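# Architecture and fold: a report
The primary structure of each chain is shown beneath.
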Amino acid sequence: MLRIIDLNALSEARHMTEDQIAEEQKIVEAAKSDARAFAAIYDRYFEQIFNFILRRTDDEALTDDLTSQTFLKALQSLKKYEFRGLPFSAWLYRIASNEVNKHYNKKKRKRVFSLEEERLFEIIETEDGNPELDGQINILISTLNDLPTDVMEVLELRFFEERSFKEISFILNISESGAKMRLYRAIEKLKKYFTVNWKE
Amino acid sequence: MGRHEIRLRRNRMTSGRIEGYKDYRDLMNKHSRADRLRKAYRLSIIVLGIIGLLFLSYLFFRSSEKSTPTSGVQKISRPGVLINYSLNTENNGKT
């Protein structure tokens with residue numbers, strides 16, 4: 001049976017219009033002089049950052065700590081923040097990613113990617129519409145397990161966090177072409193076992 | 001053996017549950033505490049810097065004071081040479 005992975009369903013990045021980014025930038029500028037204005041940013045992005053860290057740790061208590069640490073670091077170095085035409089969330093993701101990396105480097109434990117089952121169900125389908133999901137998901141998981149961690153990071157940011165390549169390159173501190181290269185490597189690997197529907 | 005582990009989560013975290021972890025007041029408390037600590041650290045660095053500068057300037061002036069002679073005339077003692085040896089006291093200096 002032909003297994004199909006439909007990545008198009010997940011690839012619509014959470015694009016913000018330029019007006020929205022400019023509007024957000026005003027809040028950030030206000031927060032630079034008055035920390036209380038940071039509440040709006042905290043409210044807007046807490047859930048996203050929490051989910052991102054939870055996907056990287058699979059531990060709610062740890063996620064709580066790291067999310068809190070991420071926002072604290074953001075607040076403390078807000079004055080150093082430079083607008084680069086990206087949503088402010090990209091900067092928060094970068095701090096969160098660094099915090100997660102720091103945690104794993106300190107604990108010297110194997111990295112975790114905790115993916116929501118229902119999210120995977122959204123992307124896997126079969127030609128006859130009768131998904132033998134358990135078997136397919138197991139194959140998908142073992143394929144993802146075989147990917148290098150840096151490739152998995154890009155894949156997760158692109159399809160689960162729905163970040164654009166420009167944002168991913170900023171978050172992971174790599175070039176945009178490097179981010180694309182990593183993703184293509186992942187897609188090529190997936191193509192060995194699945195028919196991948198994806199068009200960037 | 002992979003370099004990472006892929007885990008499947010049966011349930012997605014609900015917004016309501018994540019909301020329970022939000023604590024903006026705690027964040028602000030931590031921020032103000034960290035801010036106070038940072039200010040205290042900066043202040044102590046400045047104070048230590050000033051103390052260091054004062055100490056260095058004290059050492060500098062002390063050493064320059066030591067090297068400066070107390071008067072413009074150099075005193076040389078010449079044992080065995082009488083002070084009045086060359087003085088003409090017979091005719092008030094007329095030769």
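Residues numbered from 1 in each chain as written. Chains lettered and ligands numbered in written order. Predicted model: local features only at pLDDT ≥ 70, side-chain atom pairs only at ≥ 80, totals over all residues.

### Focus on the overall build of chain B
To be explicit about the condition: Helix numbers and strand numbers start at the N terminus; a helix is a DSSP run of H or I with at least 4 residues, a strand a run of E with at least 2. The exposure scheme places C-beta atoms from the backbone and then counts, for each residue, the other C-beta atoms within 10 Å of its own, assigning buried at 20 or more, exposed at 12 or fewer, and partly exposed in between.
Along its length, chain B carries 2 helices and 1 strand. Counting from the amino terminus, helix and strand elements in chain B follow one another as β-α-α. Put simply, chain B has 95 residues, and 3% of those count as buried.

### With respect to the overall build of chain A
Basically, it comes down to this: Any two residues are considered in contact once their C-beta atoms, placed from the backbone, lie within 7 Å.
Scanning chain A from N- to C-terminus turns up 9 helices and 4 strands. Residue burial in chain A is summarised as follows: out of 200 residues, 30% are buried. Counting contacts in chain A only where the partners sit at least 6 residues apart, residues at least 24 apart contribute 69% of the total.

### Side note on the interface of chain A and chain B
What counts here: As a working rule, the residues Ala, Val, Leu, Ile, Met, Phe, Trp, Tyr, Cys and Pro are called nonpolar, Asp, Glu, Lys and Arg charged, and the rest polar, with Gly in that last group. Note on pairing: DSSP must find at least two bridges between two strands before they are called paired.
The interface of chain A with chain B comprises 31 residues on the first partner and 21 residues on the second. When residues of the side of chain A that touches chain B are traced back to their parent elements, those giving at least two are α2 (38–57), α3 (60–76), β2 (111–116), α5 (117–123), α6 (133–146) and α7 (149–159) of chain A. Sorting elements by how many residues they give to the side of chain A that touches chain B places α2 of chain A first, with 7 residues. When grouped by side-chain class, the residues that make up the side of chain A that touches chain B number 16 nonpolar, 6 polar and 9 charged. Here 6 bridges tie β2 of chain A to strand β1 (residues 4–9) of chain B, and the two strands are oriented parallel to one another. What sits directly across from E116 of chain A, in β1 of chain B, is R9 of chain B.

### What to know about unusual backbone geometry
Residues and elements named next belong to chain A. At E162, a position not held by glycine, the phi torsion is positive, near 60 degrees. Position of E162 relative to the elements: it lies in the loop between α7 and α8 (165–172). Backbone geometry places N173, a non-glycine residue, at a positive phi of 55 degrees. Mapping N173 onto the fold places it in the loop between α8 and α9 (176–191).

### Digging into helix α4 (residues 88–107) of chain A
Residues and elements named next belong to chain A. The criterion, for reference: Under the convention used throughout, the expected extent of a helix is 1.5 Å for every residue step, that is, one less than its residue count.
In this model α4 runs 29 Å from its N-terminal to its C-terminal C-alpha over 20 residues, within 8% of the 28 Å that 1.5 Å per residue would give. Along α4, the positions that sit buried rather than exposed are F88, S89, W91, L92, Y93, A96, E99 and V100. The elements touched by buried residues of α4 are α1 (18–33), α2, α3 and α8. Positioned one or two residues after α4, K108 has a phi angle of 55 degrees, which is positive.

### A short note on the nonpolar core
What counts here: Connectivity within a nonpolar core runs through C-beta atoms within 7 Å, and the core itself is a set of buried Ala, Val, Leu, Ile, Met, Phe, Trp, Tyr and Cys residues.
Within the largest apolar cluster, 45 residues are counted, with the highest numbers of intra-cluster contacts made by I49, I53, L92 and A96 of chain A. Ignoring sequence-local partners within four residues, the contact set of I53 of chain A consists of T63, L66, T67, A96 and V100 of chain A.

### Topic: the packing of α8 of chain A against α9 of chain A
Residues and elements named next belong to chain A. Defined as follows: Axes here refer to lines fitted to C-alpha atoms; in helices the fit is confined to the stretch in contact. Angles between the N-to-C directions go from 0 to 180 degrees. To sort the angles, those under 35 degrees are grouped as roughly parallel, those over 145 as roughly antiparallel, those from 65 to 115 as roughly perpendicular, and the leftovers as oblique.
One can describe the packing of α8 onto α9 by two numbers: an axis separation of 8 Å at closest approach and a directional angle of 100 degrees. As summarised for this structure, α8 and α9 are arranged roughly perpendicular, according to the angle between their axes. Contacts between α8 and α9 involve F165, K166, I168, S169 and L172 from the former and E176, A179 and K180 from the latter. For the contact of α8 with α9, the class distribution of residues is 4 nonpolar, 1 polar and 3 charged.

### Overview of α9 of chain A
Residues and elements named next belong to chain A. What counts is decided by this rule: Read the arc as the range of directions from the helix axis to the C-beta atoms.
For α9, spanning 16 residues, the distance from its first C-alpha to its last is 23 Å, which sits close to the expected 22 Å at 1.5 Å a residue. A179, R182, L183, A186 and L190 are the residues of α9 that are buried. Taken end-on, α9 shows its buried residues confined to a sector of 95 degrees, consistent with a single buried face. Exposed residues pointing more than 90 degrees away from the buried face of α9 are listed as S177 and E188.

### A few points about the packing of α4 of chain A against α8 of chain A
Residue and element names in this part refer to chain A. To be explicit about the condition: Each crossing gets its hand from how the near helix is turned against the far one by less than a right angle, where anticlockwise is left-handed and clockwise is right-handed.
Between α4 and α8, the least distance of the axes is 8 Å, while the angle of their chain directions is 40 degrees. Comparing their axes, α8 and α4 come out oblique. For the element pair α4 and α8, the recorded crossing hand is right-handed. On α8, the residues touching A90, Y93, R94 and S97 of α4 are E167, F170, I171 and L172. A per-class count over the contact of α4 with α8 returns 5 nonpolar, 1 polar and 2 charged.

### Describing the confidence of the model for chain B
Rules: A residue's pLDDT is the confidence the predictor assigns to it, expressed on a 0 to 100 scale.
On average, residues of chain B score 81 in pLDDT, and 69% of them reach the 70 mark or higher. ipTM for the predicted complex: 0.77, alongside a pTM of 0.77.

### Describing the environment of L155 of chain A
Residue and element names in this part refer to chain A. Along the chain, L155 falls in helix α7. Along the backbone, L155 and A179 are 24 residues apart, and their C-alpha atoms lie at a distance of 9.2 Å. If sequence neighbours within four positions are ignored, L155 has contacts with L183 and A186.

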